[in-house]
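# Summary of the model geometry
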Amino acid sequence: MEDVAELAGVSAMTVSRVLNTPEKVRPETRARVLAAVRELDYRPNSAARVLVTGRSGALGVVSFDTILFGPASTLYGIERAARENGYLVSIASLPALTRRSIAEGVDRLRSQSVDGVIVIAPHESAGEGLRHLPAGLPVVDVGGAKDVPVPVAAVDQHAGAVRATRHLLSLGHRTVWHLAGPPNWVESSGRLKGWREALEAEGREVPVPMVGDWTAHSGYEIGKRLAREDGMTAVFAANDHMAMGLLRALREVGRRVPEDVSVVGFDDVPEAAYFWPPLTTVRQNFGEVGRLAFQLLLDRIGGVEGDTRRLVEPELVVRESTGMSS
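Read on for an overview of the structure. (Residues numbered from 1 in each chain as written. Predicted model: local features only at pLDDT ≥ 70, side-chain atom pairs only at ≥ 80, totals over all residues. Heavy atoms only, no water.)

### Thoughts on the packing of helix 5 (residues 69-84) against helix 12 (residues 286-301)
It is at 7 Å that the axes of helix 5 and helix 12 come closest, and there the two elements cross at 55°. In terms of orientation, helix 5 lies oblique with respect to helix 12. In this structure, helix 5 crosses over helix 12, and the sense of that crossing is right-handed. On helix 12, the residues that touch F69, G70, S73, T74, G77, I78, R80, A81 and A82 of helix 5 are F286, G287, V289, G290, R291 and F294. (Axes fitted to C-alpha atoms, helices over the stretch in contact; angles between N-to-C directions. Helix = DSSP H or I, 4+ residues; strand = E, 2+ residues; numbered from the N terminus. Parallel < 35°, antiparallel > 145°, perpendicular 65-115°, else oblique. Left-handed = near helix turned anticlockwise from the far one by under 90°. Contact = heavy atoms within 4.5 Å.)

Given below as structure tokens:
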């Protein structure tokens, strides 16, 4: 530790604070110390740290086993924020987010002496599991419903859907059809509500939403039905993969995008700019969500109270899949 302090130009006490209570050290000082730690390959004794500070320097993340873009990107954002602040991350990957599985995942992480837990809970049903966690354990929820009993960090799904819908209306489309995500997903309900309220605010017809399952296949199958709807000129898809399937279905029946139908997705997956045509979509900043979740958890670990719900504003990215209504 003294070698790290000398290289970073700080005291050994400051090194200890960076390793044990990083939230109490200025970011520039913390970065300098962590750079020295990496250069010297310093490894603190974890058992000694727990005895001295009561903290392990490790956080737990409970997530469900998925390769979906949103949850996977959120997990990466949390890991990056923790790593930049000198924390280790242990992950409990679950087959489903139920009350029992969440409790088992949290117990598994507590056995590893984590200082707190972040739960990636995009299912509305996960809220029940969050109400029965051990008292005194610092917990933060990512993407959860409004009524969860713990602090939440999330993208403002409602605002993103409103922006997508208003964009299509501004191009002269009489109304906007919605290719919704599966029920019981927080993102689905937030985007569905934002789409509906944006149409109602303008006094427009609200078509019956068609429900997919996040996959390109479901977007393709629903797209074949949507293509037969008279007067359908604009579609807001609840994620980019369903939008991709929709684009193919429209192309197969001869409906041109955006000349005949404008399409907006949600997520801004890395491939969205390379769809044909390039997809207009709503970008989510998962790195910022991870940073906010990590900071909320540090606040709770340190006994700091404050905002219990922090929302990240999404960004509308306009590309060639949307155009003026003919």
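### Quick look at the sheet that holds strand 6 (residues 177-180)
Taken in spatial order, the 4 strands of this open sheet run 7-6-8-9, and their pairing is parallel. The open sheet is flanked by strand 7 (210-211) and strand 9 (262-264), the only strands paired with a single partner. For strand 8 (residues 234-237) and strand 9, the ladder comprises 3 bridges, and the chain directions are parallel. Across the sheet, the residue bridging to F236 is V264, located in strand 9. On top of the sheet, helix 8 (residues 157-170) reaches strand 8 and strand 9; it is set at about 165° to strand 8, its chief contact. Relative to the sheet, helix 9 (residues 186-201) contacts strand 6 and strand 8, its axis offset from that of strand 6 by approximately 175°. (Pairing = 2+ DSSP bridges.)

### Things to note about the packing of aromatic side chains
For the coordinates displayed, the defined rule picks out 4 aromatic pairs. Plain terms: the ring middles of F69 and F286 are 5.7 Å apart, the flat faces sit at 80° to each other, and that makes the pair edge-to-face. Linking F69 in helix 5 with F286 in helix 12, this pair joins segments that are 217 residues apart in sequence. Among the residues examined, F286 registers a relative accessible area of 9% and is labelled buried. Judged by centre distance (5.6 Å) and plane angle (75°), the ring pair of W185 and W214 falls under edge-to-face. Of this pair, W185 sits in the loop between strand 6 and helix 9 while W214 sits in the loop between strand 7 and helix 10 (216-226); the two residues are 29 residues apart in sequence, bridging distant segments of the chain. A relative accessible area of 11% places W185 in the buried class. Relative accessible area serves as the criterion here: at 7%, W214 is assigned to the buried category. Over the aromatic face of F266 sits the side chain of R191, whose NZ or CZ is 3.9 Å from the ring centroid. It is R248 that lies over the ring of Y220; its NZ or CZ is 5.3 Å from the centre. (Phe/Tyr/Trp six-rings, centres within 6.5 Å; stacked < 30°, edge-to-face > 60°. Buried < 20%, exposed > 50% of the residue type's maximum accessible area, 1.4 Å probe, protein only. Lys NZ or Arg CZ within 6 Å of the ring centre and 35° of its normal.)

### Observations regarding the sheet that holds strand 1 (residues 58-64)
What the 6 strands build is an open sheet, ordered 2-1-3-4-5-11; its pairing is parallel. Each edge of the open sheet carries a strand with a single partner, namely strand 2 (88-94) and strand 11 (309-312). On average, adjacent strands in this sheet sit at an angle of 20° to one another, irrespective of strand direction. Relative to strand 4 (residues 139-142), strand 3 (residues 117-120) runs parallel, the two sharing 4 bridges. Looking at strand 4, one finds that V119 is bridged to D141. Against the sheet, helix 5 touches strand 1, strand 2, strand 3 and strand 4, its axis set at about 160° to strand 3.

### Let's talk about the pattern of salt bridges
Within the structure shown, the criterion is met by 12 salt bridges. Note that D299 and R310 form a salt bridge whose closest N and O atoms lie 3.4 Å from each other. With D299 in helix 12 and R310 in strand 11, this residue pair connects regions lying 11 residues apart in the sequence. The exposure class assigned to D299 is buried, which follows from its relative accessible area of 14%. Connected via shared salt-bridge partners are D268, R283, E315 and R319. (Salt bridge = Lys/Arg side-chain N within 4 Å of Asp/Glu carboxyl O.)

### Brief notes about helix 9
The end-to-end C-alpha distance of helix 9 is 22 Å, a good match for the 22 Å that 16 residues give at a rise of 1.5 Å each. Next to the buried residues of helix 9 lie helix 8, strand 6 and strand 8. (Expected span 1.5 Å × (residues − 1).)

### Observations regarding the pairing of strand 6
On strand 6, burial covers both faces: W177 and L179 on one face and H178 and A180 on the other are all buried. Note: strand 6 against strand 8, 3 bridges, orientation parallel. Bridge pairing in strand 8 places W177 opposite V235. Here strand 6 pairs with strand 7 via 2 bridges, running parallel. Opposite L179, over in strand 7, you have M210 as the bridge partner. Between strand 6 and its parallel partner strand 7, the chain crosses via helix 9, and the hand of that crossover is right-handed. (Right-handed = clockwise from strand over helix to strand, strands pointing away.)

### Digging into the layout of surface pockets
Considered as a void within the structure, the largest pocket measures approximately 710 Å³ in volume. Forming the boundary of the largest pocket are 36 residues, of which G143, V155, Q157, V186 and E187 lie nearest the centre. When residues of the lining of the largest pocket are traced back to their parent elements, those giving at least two are helix 5, strand 5 (152-155), helix 8, helix 9, helix 12 and strand 11. Looking at the lining of the largest pocket, the element that brings in the most residues is helix 9, giving 6 residues. Split by residue class, the lining of the largest pocket holds 16 nonpolar, 12 polar and 8 charged. (1 Å grid on protein atoms, 1.4 Å probe; cavity = no way out; pocket = protein on both sides within 12 Å on 5 of 7 lines; lining within 4 Å. Points joined across faces, edges and corners; volume = space filled by probe spheres on them. Nonpolar A, V, L, I, M, F, W, Y, C, P; charged D, E, K, R; others polar.)

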